[in-house]
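Structural overview
Below, each chain spelled out in residue letters.
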2 protein chains.
Amino acid sequence: MVLRQQRVVIENISPQIQCGAFFIKRVIGEKVTVYADVLGDGHDVIQAELQFKHVGDKSFKEVRMVDLMNDVYKADFNVQKKGEYVYRIRAWVDHALNWQHGIEAKLKDHQHVKSELLDGLQYLDYLKNNVSAKDKPYVTDLRQLFAEEDTYQKAIEEAISDRLHQLFINYPSRSLANTSKELGVIVDRKKANFSTWYEFFPRSAANKEGIHGTFKDCENLLPRISKMGFDVVYLPPIHPIGEVNRKGKNNTTNAEEGDSGVPWAIGSKLGGHRSIHPELGTEKELKSFIEKANSMDIEIALDLAFQAAPDHPYISEHPEWFRKRPDGTMQYAENPPKKYQDIVNFYFETEAFKSLWEELLAVTMQWVELGINIFRVDNPHTKPHYFWNWLITEVKKKNPDVLFLAEAFSRPKVMQQLAKQGFTQSYSYFTWRVHKHEIIEYMTELTQSDMKEYYRPNFWPNTPDINPYHLQGANEAMHISRYVLAATLCGNLGIYGPVFEYMVSDAMPGREEYLHSEKYEIKYWDWTLENKLTHIITRLNFARKSHPALQQTNNIQFCEVQNPQLIAFYKWDDEKTDQVLVVINLDSNYSQRGMLQLPEDVLGQFKGKGLTMHDLITDNSYIWADEWNFVEVHPALPFHLFHIK
Amino acid sequence: MVLRQQRVVIENISPQIQCGAFFIKRVIGEKVTVYADVLGDGHDVIQAELQFKHVGDKSFKEVRMVDLMNDVYKADFNVQKKGEYVYRIRAWVDHALNWQHGIEAKLKDHQHVKSELLDGLQYLDYLKNNVSAKDKPYVTDLRQLFAEEDTYQKAIEEAISDRLHQLFINYPSRSLANTSKELGVIVDRKKANFSTWYEFFPRSAANKEGIHGTFKDCENLLPRISKMGFDVVYLPPIHPIGEVNRKGKNNTTNAEEGDSGVPWAIGSKLGGHRSIHPELGTEKELKSFIEKANSMDIEIALDLAFQAAPDHPYISEHPEWFRKRPDGTMQYAENPPKKYQDIVNFYFETEAFKSLWEELLAVTMQWVELGINIFRVDNPHTKPHYFWNWLITEVKKKNPDVLFLAEAFSRPKVMQQLAKQGFTQSYSYFTWRVHKHEIIEYMTELTQSDMKEYYRPNFWPNTPDINPYHLQGANEAMHISRYVLAATLCGNLGIYGPVFEYMVSDAMPGREEYLHSEKYEIKYWDWTLENKLTHIITRLNFARKSHPALQQTNNIQFCEVQNPQLIAFYKWDDEKTDQVLVVINLDSNYSQRGMLQLPEDVLGQFKGKGLTMHDLITDNSYIWADEWNFVEVHPALPFHLFHIK
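Worth saying up front: this structure is predicted, and the values here are computed from it rather than measured. Note that residues are indexed from 1 along each chain, following the sequence as it is written. Written order decides the labels, with chains lettered from A and ligands numbered from 1. Given that this is a predicted model, residues contribute local features only at a pLDDT of at least 70 and side-chain atom pairs are listed and counted only at 80 or more, while totals for whole chains, interfaces and linings are drawn from all residues. Only hydrogens and water are set aside when side-chain values are computed; all heavy atoms of the structure are taken into account.

1. Observations concerning the overall build of chain A
Helix numbers and strand numbers start at the N terminus; a helix is a DSSP run of H or I with at least 4 residues, a strand a run of E with at least 2. A tally of regular secondary structure across chain A gives 17 helices and 29 strands. Considering only C-alpha atoms, chain A reaches an extent of 105 × 65 × 45 Å along its principal axes. Only protein chains enter the calculation, and the probe is 1.4 Å; a residue is then buried if its accessible area is under 20% of its type maximum, exposed if over 50%, and partly exposed in between. Split into buried and exposed, the 645 residues of chain A put 61% on the buried side. We call two residues in contact whenever any of their non-hydrogen atoms come within 4.5 Å of each other. Summarising the internal contacts of chain A: among those between residues at least 6 apart in sequence, 75% fall at separations of at least 24.

Structure follows, in structure tokens:
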């Protein structure tokens with residue numbers, strides 16, 4: 001058994017995900033606040049420091065931790081570079097500070113400390129060999145003061161001086177220091193925390209009915225999308241669509257002549273994951289679209305759907321990547337008794353898994369090299385968790401700008417696991433959180449549990465796969481309130497654009513699916529139309545752009561409102577340079593009113609004259625000078641977004 | 001980066017202390033219930049098993065875990081041997097069970113599954129090579145059924161049969177199984193959980209005033225102590241007491257002629273930690289005392305006080321184990337501005353620490369070899385945590401029967417740390433938990449947090465060091481209620497015997513210390529005296545001996561009682577073969593009454609006719625047939641200890 005002579009124990013370090021098995025997440029400029037239990041034996045003075053560095057840096061930076069009492073210590077650091085940081089804690093019994101502390105206590109007790117001064121010479125000797133040239137004469141003088149008899153009075157003054165204290169702090173000998181294990185942070189660019197997504201099907205982008213949309217058409221939509229304040233345009237898969245077992249309109253199993261198929265059924269004789277559906281355009285046109293978007297501060301996100309149509313070239317070229325049935329045919333995807341005959345899954349248990357993984361990495365990198373830095377990953381929960389960890393790590397090694405959004409609507413621990421394994425952002429249950437208590441409960445889980453360290457939610461009111469019951473046949477107020485909730489609760493949000501904006505909410509009977517879903521057919525949208533929703537979305541998106549409080553998710557506090565249909569919350573940025581208060585009427589039919597209690601942190605800013613609440617949508621301002629304030633919200637404009645001044 | 005092809009993730013295993021850095025604790029026969037998050041990708045059937053073994057065993061035993069939903073799995077095992085156990089979790093996608101599950105779903109959906117039967121042959125082949133001889137013909141027959149055309153009906157019946165299911169469960173192929181890290185359990189003998197301590201100073205054991213007690217006198221006290229139902233007798237240090245700077249009566253700094261000194265100031269020219277104070281007797285007499293005690297099912301606990309008086313032989317023989325001041329004198333113990341000139345601490349930071357540690361281990365083992373299996377460790381929090389971990393581990397390697405009680409009354413995390421590092425039992429804050437809400441809060445922390453896995457509290461109403469304010473000048477009812485609380489709340493308890501039993505509670509003014517403390521002088525007790533407290537302690541100790549519900553700490557539930565002076569709780573053993581309900585009046589002056597609500601678990605046992613509550617002290621019985629029951633408790637007998645029948 002090892003003999004460990006250290007006297008300090010370090011444990012219970014937070015943040016820490018699953019004993020350090022996973023990175024916590026931050027974006028550039030964010031703070032990591034670290035807590036740890038640090039304790040020694042006896043009563044000696046202990047010092048602890050937080051050490052951190054970017055993995056690319058040679059040495060650690062150090063910041064001394066603050067003793068919060070009860071053996072808990074705290075310090076923080078800011079992350080400034082993309083990539084991986086590590087942090088750890090070092091702690092020791094500080095004999096020099098302990099010596100000073102002892103002298104102070106004895107002097108207060110009127111004891112003579114000559115012997116203690118002599119004992120202190122060893123600490124001065126250590127300083128002498130380590131302090132900067134500027135301080136060396138002081139230390140040398142002190143040494144003499146301490147050693148001589150007739151300078152006792154002066155010596156004890158200096159022994160307990162702030163100057164000596166500060167030297168001890170700055171030049172610790174760290175004898176028998178103990179160092180914790182290293183923990184990791186993955187640092188992304190700011191978009192990981194703050195992004196506003198607009199999804200549309202490029203094949204429906206044409207400005208005339210009956211025509212297959214092209215990248216050129218997509219390019220024409222960019223000014224409209226930019227004007228609305230979106231900064232990510234996400235396109236469903238742009239690859240050739242399988243022809244074998246192609247799905248027809250409304251998810252029928254037999255496509256008719258002219259049916260365009262499902263973009264997620266990737267691959268045909270025209271190519272696979274590395275190819276572009278010819279009717280959308282060429283690689284050059286895609287590149288032009290990407291560049292045009294980028295020039296408007298919009299990024300293009302593509303879809304990674306790692307599955308194949310039965311006629312995907314992989315199937316003949318790499319049969320070793322698929323599972324065969326005993327009769328020699330391909331094993332289609334199934335979830336018994338359901339069968340998905342237009343899809344063949346990769347067989348991740350194949351012995352040839354290495355070449356499969358490498359190919360999927362190469363596919364991803366091909367699009368990265370074309371200028372794609374964001375991927376929405378289709379059904380990641382049906383591929384192995386460790387595969388994603390590997391793929392995301394490898395891609396980020398080559399390009400740390402790349403972000404991955406996990407499209408998993410699965411069980412809580414599965415969704416959490418994908419985020420732990422490396423997904424930058426994750427779809428969330430927001431889509432189904434409708435009532436006040438559900439929203440508060442879910443936000444509390446996201447922002448008050450460990451999830452806040454690794455799970456970056458992206459709030460989508462709808463997707464092509466999900467037409468939630470509360471939006472089916474819903475009125476304008478319901479649509480607005482769902483958008484406001486997403487836009488103010490969460491740093492990241494997205495809409496399946498035209499369908500949401502134009503409130504096309506017909507559903508397959510009894511199901512949360514769109515009727516005549518765009519997944520199975522080309523649509524025509526009159527993109528010249530604008531409505532009230534268009535304008536409110538626009539104002540909200542621009543409010544998000546100018547308010548850091550809305551560019552993050554975790555700093556949120558719900559307010560007491562005495563009406564179950566009114567939800568209100570307070571948000572702020574880390575530096576508290578920006579603060580907003582949001583009040584939303586969840587009843588899309590009737591006006592609701594009630595008393596709202598300001599949080600203590602806001603009340604503390606009254607300074608005798610109250611606060612100006614400036615509504616960022618209507619431009620009205622109100623003076624709130626009481627703890628409880630009357631609010632009334634009408635479905636015509638079912639929310640207040642107050643900037644607190 | 002490693003490519004991990006496994007499809008199952010295992011995490012969040014509990015119990016687990018600080019990421020597995022420390023052992024959880026159990027006594028022989030206890031259960032370890034293990035939970036873990038186990039999840040895969042997609043919808044395939046997953047199996048998880050708990051593996052466990054005593055470190056001395058060659059191979060792991062396995063028990064299949066139960067799926068509790070939401071990706072949480074559970075299983076348990078019993079520990080049967082002293083020493084260390086390890087446990088871990090193994091999990092895999094079970095293709096055979098998944099195949100069977102798929103066939104079932106498809107048959108329910110009226111699909112033809114001939115191809116699936118053929119697919120199943122691979123799982124039968126695996127079984128054929130692995131099942132016992134008894135099942136082999138069945139598997140061979142099945143293989144033929146599945147392969148042939150005209151036996152389809154019979155084949156599908158067998159494919160989904162329980163028999164085949166059970167074979168798949170019993171003989172899993174575990175392909176691509178993932179295995180968690182190993183976690184540890186330290187298993188002690190039963191006394192670690194259930195012990196009743198009586199402390200007295202052997203030098204005060206004489207039956208005449210003015211005489212120094214001896215081991216022979218101690219031996220004469222054993223029948224009395226045994227009759228009261230105690231099973232551990234703990235003696236303060238029995239070594240020669242320092243003569244240099246000896247403390248006088250009432251902790252004065254200058255002893256007078258004839259002052260006997262403090263037993264914890266160990267060492268003089270007569271010897272040190274390996275020697276016996278000559279006036280107590282010889283090693284042979286100590287051995288006789290130990291053996292006599294053992295014959296009455298009483299164990300003798302000695303004190304490990306690792307510190308030296310200034311005249312301890314170590315100081316001249318091993319100056320390298322101590323710290324010198326600049327003037328060459330020994331560094332006395334201090335906690336500035338306080339000085340403890342009768343004590344010199346070991347210098348654990350010495351370069352010679354290895355020989356120091358080895359000597360302290362040898363000292364401990366010397367007493368173990370003499371027959372001592374329990375140590376009360378004095379002030380362990382003033383010696384390094386890692387030292388204790390090493391010492392306790394080494395001693396237990398040689399003799400797993402040895403138990404260590406940590407005498408640390410320090411900050412919560414320090415006390416917890418000592419328990420994590422290996423102390424079998426720990427003194428607790430019970431000594432100062434007086435009011436109902438304090439007691440409930442403290443018990444909740446001990447039994448509902450992680451502490452329940454590693455911190456075994458020992459409840460002491462008083463010690464020679466602590467004469468708590470509520471016992472100073474307190475009446476009989478207060479003494480009884482403090483003993484009842486300790487005896488029923490906690491598996492382990494102890495009293496500083498004669499002082500508690502005879503209610504000698506004079507204090508140093510304004511301090512929680514005894515006046516004329518026995519620490520500084522020899523006392524005379526008339527051990528022939530018995531009082532009401534003697535009899536109630538006796539009855540309680542025997543109730544503990546016959547009621548497993550009282551031989552453990554963690555199974556406890558507090559009951560709602562509508563009176564803040566009445567505290568009530570329900571306790572049970574793991575198997576629920578024994579259940580008690582305790583009601584205590586915390587007001588030592590007045591009768592208190594109120595309505596008590598039975599816990600749901602007790603109500604569930606009513607079966608239409610209520611329950612018999614048998615008071616183990618008065619022998620009265622009551623029928624309780626309602627959820628709420630009236631109780632009244634008088635200070636004359638300030639509690640009910642009901643056995644629930």
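Still to come is the rest of the account.
2. A short note on the pairing of strand β13 (residues 299-304) of chain B
Residue and element names in this part refer to chain B. Counting buried positions along β13 gives six out of six residues, so the element sits mostly inside the fold. Judged by which residues are buried, β13 turns out to be covered on both faces: Glu299, Ala301 and Asp303 on one side and Ile300, Leu302 and Leu304 on the other are all buried. If DSSP finds at least two bridges between two strands, the strands pair. Of the strand pairs in this sheet, strand β12 (residues 232-234) and β13 are connected by three bridges, and their pairing is parallel. Paired with Val233 across the strands is Ile300, a residue of β13. As paired strands, β13 and strand β17 (residues 374-378) are joined by four bridges and run parallel to one another. Within β17, the residue paired with Leu302 across the bridge is Phe375.

3. What about the relation of the copies chain B and chain A?
When chain B is fitted onto chain A, the two copies agree to an RMSD of 0.0 Å after a turn of 180° and an axial shift of 0.0 Å. The relationship between the two copies is best expressed as a two-fold rotation axis. Taking C-alpha positions as reference, the residue of chain B nearest the rotation axis is Cys19(B), located at 2.8 Å. Both copies contact each other with a shared surface, as 100% of the interface residues of chain B are interface residues in chain A too. Overlaid copies result from least-squares superposition on C-alpha atoms, with residues included only where pLDDT is at least 70 in both.

4. Considering the nonpolar core
Ranked by size, the top nonpolar core spans 157 residues in total, and within it Phe77(B), Phe200(B), Trp367(B), Phe375(B), Phe404(B), Leu489(B) and Leu641(B) carry the most contacts. When residues of this core are assigned to their parent elements, the largest contribution, ten residues, is made by helix α9 (residues 353-370) of chain B. Beyond its immediate sequence surroundings of up to four residues, Trp367(B) is in contact with Ile238(B), His239(B), His273(B), Arg274(B), Ser275(B), Ile276(B), Leu286(B), Leu302(B), Ile372(B) and Phe375(B). For our purposes a nonpolar core is just a set of buried Ala, Val, Leu, Ile, Met, Phe, Trp, Tyr and Cys residues, chained together by side-chain atoms within 4.5 Å. Ranked by size, the runner-up nonpolar core spans 154 residues in total, among them Tyr87(A), Phe230(A), Met330(A) and Val368(A).

5. Topic: the pairing of strand β21 (residues 492-496) of chain A
Residues and elements named next belong to chain A. In terms of residue burial, β21 counts as a mostly covered element, since five of its five residues are buried. Of the two faces of β21, both are covered, the one formed by Asn492, Gly494 and Tyr496 as well as the one formed by Leu493 and Ile495. Pairing geometry for strand β11 (residues 195-199) and β21, over five bridges, is parallel. Paired with Trp197 across the strands is Gly494, a residue of β21. As paired strands, strand β20 (residues 457-459) and β21 are joined by two bridges and run parallel to one another. The residue of β21 that forms the bridge with Phe459 is Leu493. For a crossover, the right-handed case is the one in which the path from the first strand over the helix to the second runs clockwise, viewed with the strands pointing away from the viewer. Running through helix α14 (residues 476-489), the crossover from β20 to the neighbouring parallel element β21 is right-handed.

6. What to know about the packing of aromatic side chains
Only centres within 6.5 Å qualify two rings of Phe, Tyr or Trp (six-membered ring in Trp) as a pair; their planes then separate them into stacked at under 30 degrees, edge-to-face at over 60, and tilted for everything else. Taken as a whole and assessed by the stated rule, the structure comprises 84 aromatic pairs over all chains. Look at Phe558(A) and Phe569(A): their rings are 5.6 Å apart centre to centre, the planes differ by 65°, and that puts the pair in the edge-to-face class. Of the two residues, Phe558(A) is situated in strand β22 (residues 556-558) and Phe569(A) in strand β23 (residues 566-572); the sequence distance between them amounts to eleven residues. When the ring of Phe215(B) is compared with that of Phe289(B), the centres are 6.4 Å apart and the planes differ by 15°; the resulting orientation is stacked. With Phe215(B) in helix α6 (residues 215-227) and Phe289(B) in helix α7 (residues 283-295), this pair connects stretches of sequence that are 74 residues apart.

7. What to know about the interface of chain B and chain A
On the side of chain A, 73 residues touch chain B, which itself brings 73 residues to the contact. Here the buried area means the combined drop in accessible surface, using a 1.4 Å probe, for two parts upon being joined, counting both sides. Buried area between chain B and chain A, both sides added, is near 6,100 Å², and the carbon and sulfur share of it is 53%. Only one rule defines a salt bridge in this text: a Lys or Arg side-chain nitrogen within 4 Å of an Asp or Glu carboxyl oxygen. Between Asp37(A) and Lys413(B) there is a salt bridge whose closest N-O contact spans 2.7 Å. Any N or O atom pair separated by 3.5 Å or less is treated as a polar contact, with the protein-specific requirement of one donor-capable and one acceptor-capable atom, and with residues adjacent in sequence counted only for side-chain atom pairs. Where chain B touches chain A, the interface holds 38 residue pairs in polar contact (both at pLDDT 80 or more). Elements supplying a minimum of two residues to the side of chain B that touches chain A: β1 (9-14), β3 (31-39), α1 (95-108), α2 (114-128), β15 (332-335), α9, α10 (385-398) and α11 (412-421) of chain B. Looking at the side of chain B that touches chain A, the element that brings in the most residues is α10(B), giving seven residues. Put simply, Ala, Val, Leu, Ile, Met, Phe, Trp, Tyr, Cys and Pro go in the nonpolar bin, Asp, Glu, Lys and Arg in the charged bin, and everything else, Gly too, in the polar bin. Within the side of chain B that touches chain A, the residues separate by chemical class into 24 nonpolar, 25 polar and 24 charged.

8. Side note on the sheet that holds β15(B)
All names here are of chain B. Spatially, three strands are ordered β14-β16-β15 in an open sheet, and the strand pairing comes out antiparallel. Of all strands in the sheet, those bounded by a partner on one side alone are β14 (307-308) and β15. Inspection of the sheet shows β15 paired to strand β16 (residues 338-345) by four bridges, in the antiparallel sense. Note on β16: the bridge partner recorded for Tyr332 is Val344.

9. A short note on unusual backbone geometry
The amide bond that connects Ser14(A) to the next residue, Pro15(A), takes the cis arrangement and shows omega of 0°. When you line up the elements, Pro15(A) lands in the loop between β1 (9-14) and β2 (24-27). The phi torsion at Cys19(A) lies on the positive side, around 60°, for a residue other than glycine. Under the relative-accessibility criterion, Cys19(A) is labelled partly exposed at 28%. Residue His110(B) is not a glycine yet carries a positive backbone phi of 60°. Note that His110(B) resides in the loop between α1 and α2.

10. Things to note about the packing of α6(B) against α7(B)
All names here are of chain B. One way to put it is that α6 packs onto α7 with a least axis distance of 9 Å and a crossing angle of 10°. The orientation of α6 with respect to α7, classified from their angle, is roughly parallel. Residues Phe215, Lys216, Cys218, Glu219 and Leu222 of α6 pack against Glu285, Leu286, Ser288, Phe289, Lys292 and Ala293 of α7. In terms of residue class, the contact of α6 with α7 is built from six nonpolar, one polar and four charged. Whenever a helix is involved, its axis is fitted only over the stretch in contact; in every case the axis is a line through C-alpha atoms, and angles between N-to-C directions fall within 0 to 180 degrees. Throughout this description, any angle smaller than 35 degrees is read as roughly parallel, any larger than 145 degrees as roughly antiparallel, any in the 65 to 115 degree range as roughly perpendicular, and the remainder as oblique.

11. Some remarks on the environment of Lys452(B)
Residues and elements named next belong to chain B. Mapped onto the secondary structure, Lys452 falls in helix α13 (residues 451-454). Sequence separation of Lys452 and Lys354 is 98 residues, and the distance between their C-alpha atoms is 33 Å. Aside from chain neighbours lying at most four places away, what touches Lys452 is Leu446, Thr447 and Asn554.

12. Considerations on the sheet that holds strand β14 (residues 307-308) of chain A
The pairing of strands in a sheet comes from backbone hydrogen bonds and takes either a parallel or an antiparallel form. Across the sheet, which stays open at both edges, the three strands sit in the order β14-β16-β15 (chain A) with antiparallel pairing between neighbours. Bordering the open sheet on either side are β14 and β15 (332-335) of chain A, each of which pairs with just one other strand.

13. As for the side chain of Asp217(B)
Residues and elements named next belong to chain B. Along the chain, Asp217 falls in helix α6. At 2.9 Å, the side chain of Asp217 and the backbone nitrogen of Thr214 are in polar contact. Apart from the residues lying within four places of it in its own chain, the contact partners of Asp217 are Ala205, Ala206 and His212.

14. A short note on the state of the cysteines
Disulfides are defined as pairs of cysteine sulfur atoms found within 2.5 Å of each other. Per the counting criterion, the structure on display carries one disulfide over all chains. Note that Cys19(A) is cross-linked by a disulfide to Cys19(B), the S-S spacing being 2.1 Å. Judged by the sign of its S-S torsion, about -100°, the cystine formed by Cys19(A) and Cys19(B) is left-handed. Of this pair, Cys19(A) sits in the loop between β1 and β2 while Cys19(B) sits in the loop between β1 and β2 (24-27), which puts the two residues in different chains.

15. Description of helix α10 (residues 385-398) of chain A
A helix's residues, less one, multiplied by 1.5 Å, set its expected span. The end-to-end C-alpha distance of α10(A) is 20 Å, a good match for the 20 Å that 14 residues give at a rise of 1.5 Å each. Within α10(A) the residues assigned to the buried category are His385(A), Tyr386(A), Phe387(A), Trp388(A), Asn389(A), Trp390(A), Leu391(A), Ile392(A), Glu394(A), Val395(A) and Lys396(A).

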